[in-house]
Amino acid sequence: MDIPPDVQKQLDEQKKQCVFCKIVGGEIAGKKVFDDDLTMAVLDINPAVKGHTLVMPKEHYPILPYIPRNVFLHVFGVLPNIVKAIKESLIVFGVNIFIANGGVAGQQSPHFLFHIFPRESGDGLEKFDFGPGKNLDSDKVSEGVKALSYAVPLLMRKFFSQNHESWHSGSGSTPEFLSVIRDSSDIVYEDERVLCVTPKNPFCAGHLILYSKVVEKLFENLDSDNSSHLFQVASIAASACFEGLQAHGTNIVLKSGKCPDNPSELLSVHIIPRWQDDGINLSWNPNKGLNDGDVSSIIRDKTFFIGTRENVSVAPATPHRSTENVVKVSVTQKPDIEQIDDAVKRVRM
Ligand SMILES: [Zn+2]
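The present account deals with the structure reproduced in this document. Keep in mind the model is a prediction, meaning the values are calculated, not measured. (Residues numbered from 1 in each chain as written. Predicted model: local features only at pLDDT ≥ 70, side-chain atom pairs only at ≥ 80, totals over all residues.)

## Things to note about the packing of helix H4 (residues 138-162) against helix H6 (residues 224-245)
Where H4 contacts H6, the axes come no closer than 8 Å and their chain directions differ by 130 degrees. In terms of their interaxial angle, H4 and H6 are classed as oblique. Crossing hand, H4 versus H6: right-handed. Each of Gly-144, Ala-147, Leu-148, Tyr-150, Ala-151, Val-152, Leu-155, Met-156 and Phe-159 in H4 lies in contact with H6, whose residues at this interface are Val-233, Ile-236, Ala-237, Ser-239, Ala-240, Glu-243, Gly-244 and Leu-245. (Axes fitted to C-alpha atoms, helices over the stretch in contact; angles between N-to-C directions. Helix = DSSP H or I, 4+ residues; strand = E, 2+ residues; numbered from the N terminus. Parallel < 35°, antiparallel > 145°, perpendicular 65-115°, else oblique. Left-handed = near helix turned anticlockwise from the far one by under 90°. Contact = placed C-beta atoms within 7 Å.)

Below, the structure written as structure tokens:
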């Protein structure tokens, strides 16, 4: 990745203090459930639910936009298989994948990672409902739709111009299972594989929902290319929230399959722009002990069979975004949430 030497030096210093780099390097024991050349998944030591798993690139990247394209493709490409293994191991029917970009969104680690929550009825995680928000400022909501309808397609055009995909030539057609959503929402962006809308009754200003056009309900049925494209668009939509709405952070929350806060069971990815003191609380209560016992070995027995992604890019690591305005992360003795937040806010395509 084309990171200026001074920034790389700062990142190298940050890595020395990073708990997750130490787990990757074997200095600290972690309950590993999966690892390959580029990816590692460990059980959370403060789990919200049984099987709560953290997935991360092995290399230390402070924020999502820093992840080189080949690593991004690989980590999000192997993800459906990790989810499938967790669901089969714990016999659950629903799952969430949760990403926090920035301190205000709940990012707690300077090493980019995301959470997998296997879901069950009454598991106490019903806060991912994202139904109509209360007391929303209608002007702010409509300004959000306008800004994102401009910014998301613009950033996606930029992305495709830098990363040509042979399958992409336009907006594609809408599958039957998304026709009601298409007709009842404002379309922000679509291509052959995804549809991105703002719901008529959003959870907050700037709320975006991304649907797969390929798979209706179960994330684990996506192939690696479609999984990484879904998260690629989610990542770019999150960047659009920084660019177009001057958000302080974003949450990316994937819902798939059966759980109380996903009554339609549709596969969807919610992008929630976050601001300081926005009153939104997506944090969870840790339930120590839930991941004790043989949880990790049960999952590991299933992930053992996950092969290396067949068509993963073997091109040299290149950033999937311009590093023209590269983010600077200062060196600290401990992970500094404010600095990560500040770095995220300064991300530019
Ligand atoms: Zn690290």
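Having seen the model, we can carry on.
## Structural notes on the environment of Glu-190
One can find Glu-190 in strand E6 (residues 186-190). In the structure, Glu-190 is positioned 16 residues away from Thr-174 in sequence and 9.2 Å away in space, judged by C-alpha atoms. Those residues in contact with Glu-190, other than ones at most four positions away along the chain, are Ser-171, Gly-172, Leu-195 and Cys-196.

## Some details on unusual backbone geometry
Notably, Phe-130 is not glycine yet its phi reads approximately 55 degrees, a positive angle. Considering the arrangement of structural elements, one finds Phe-130 in the loop between strand E5 (114-119) and H4. With phi around 55 degrees, Gln-246 is a residue other than glycine that occupies positive phi space. If you trace the backbone, Gln-246 turns up in the loop between H6 and strand E9 (249-257).

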